[in-house]
Amino acid sequence: MPRAATQGCDHAGEPRAAAAQTGRLGARDTYQPKRERALDRYDGLTRFFHWVFAAVIIYTSVAGYTLARIGGGAVHDFLSRLNMSIATVLIVLFPLRVIWKFVRVEPRALPNTSAWQRSLANGVHSLIYATIFAVLASGFLMVPNGYSFFGLIEIHTPFPKGALTDELFTVHRASCALLAGLVALHVLAVIKHQLIARNDVLRRML
Ligand code: HEM
């Protein structure tokens, strides 16, 4: 289970989360020593994983939907191989990210949020992890006869072209659409917290 950072106090001895709640203050608005501020933020490795995954998922989604429209040809094949190679980086990083999620120290709870909002956020985050797994696994397994990883090494895949790889492509399409929807929901939630609740949620991941 991930460990949670404990609640800290500000210089006046008042619990900071309570002060932020009553005064609708973000963590940045209250005085905190540097070590205390670190407890309101995700650790460096979590932030690294988050932004690498975000960049790759956004790029591969845009490229994947573009590829589906441009049909065959040399440009398609080049972009398709590039897309598979970039997505393969996530296949390597994904298990490390999951392990790290279970052992890291969690930052303190976000101010101005209720227990059900935190449960909802945790549920959506878990669903995003499960969907990323489905996208990566189906993407890898549906490619018949392997592919080249950035032209450096040949990656072997288990199934020849047939009904199974076709079904896996269906799973890939469905999980990609679900992931795109979840990412949109996630971004909207961040915007809502940042602009309406004003709890400086974005700074926790920067
Ligand atoms: C970050 C994870 C990934 C995302 C977000 C993603 C996204 C997408 C999207 C949006 C499509 C278009 C689906 C459609 O036509 O409706 C697609 C197609 C495809 N994906 Fe993925 N994908 C990912 C991982 C992978 C992996 C790991 C592989 C294989 C190693 C792969 C191989 C393919 C292939 C072969 C296609 C068919 C289009 C083409 O000819 O390249 N994908 N992907």
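Here goes a summary of the coordinates provided. Bear in mind that the values here come from a model prediction, so they are computed numbers and not experimental data.

About the cut-offs
- Residues numbered from 1 in each chain as written.
- Predicted model: local features only at pLDDT ≥ 70, side-chain atom pairs only at ≥ 80, totals over all residues.
- Heavy atoms only, no water.
- Helix = DSSP H or I, 4+ residues; strand = E, 2+ residues; numbered from the N terminus.
- Buried < 20%, exposed > 50% of the residue type's maximum accessible area, 1.4 Å probe, protein only.
- Phe/Tyr/Trp six-rings, centres within 6.5 Å; stacked < 30°, edge-to-face > 60°.
- Lys NZ or Arg CZ within 6 Å of the ring centre and 35° of its normal.

Observations regarding the environment of Thr113
- Relative to the helices and strands, Thr113 is located in the loop between β2 (105-106) and α5 (115-142).
- Overall, Thr113 belongs to the buried group, its relative accessible area being 10%.
- For the pair Thr113 and His193, spaced 80 residues apart in the sequence, the C-alpha separation amounts to 9.2 Å.

Points about unusual backbone geometry
- For Phe150, which is not a glycine, the phi torsion comes out positive at approximately 50°.
- Within the element layout of this structure, Phe150 appears in the loop between β3 (147-149) and β4 (153-155).
- Assessed through its relative accessible area of 41%, Phe150 is described here as partly exposed.
- The backbone phi angle of Asp200 is positive, close to 55°, even though this residue is not glycine.
- Note that Asp200 resides in the segment after α6 (163-197).

Looking at the packing of aromatic side chains
- One pass over the structure, following the stated rule, counts six aromatic pairs.
- Ring centres of Phe53 and Phe94 lie 6.4 Å apart, and the angle between their planes is 45°; this geometry places the pair in the tilted category. Here Phe53 is found in helix α3 (residues 44-70), whereas its partner Phe94 is found in helix α4 (residues 74-103), with 41 residues between them in sequence.
- Relative to Phe133, the ring of Phe94 has its centre 6.3 Å away and its plane inclined at 35°; by these criteria the two rings are tilted. Placement of Phe94 in helix α4 and of Phe133 in helix α5 is noted, with a sequence separation of 39 residues between them.
- Residue classification places Phe94 among the buried residues on the basis of a relative accessible area of 10%.
- Clustering of aromatic rings is evident, with ring pairs tying together Phe53, Phe94, Tyr129 and Phe133.
- Against the face of Phe53 rests Arg97, its NZ or CZ located 4.7 Å from the ring centre.

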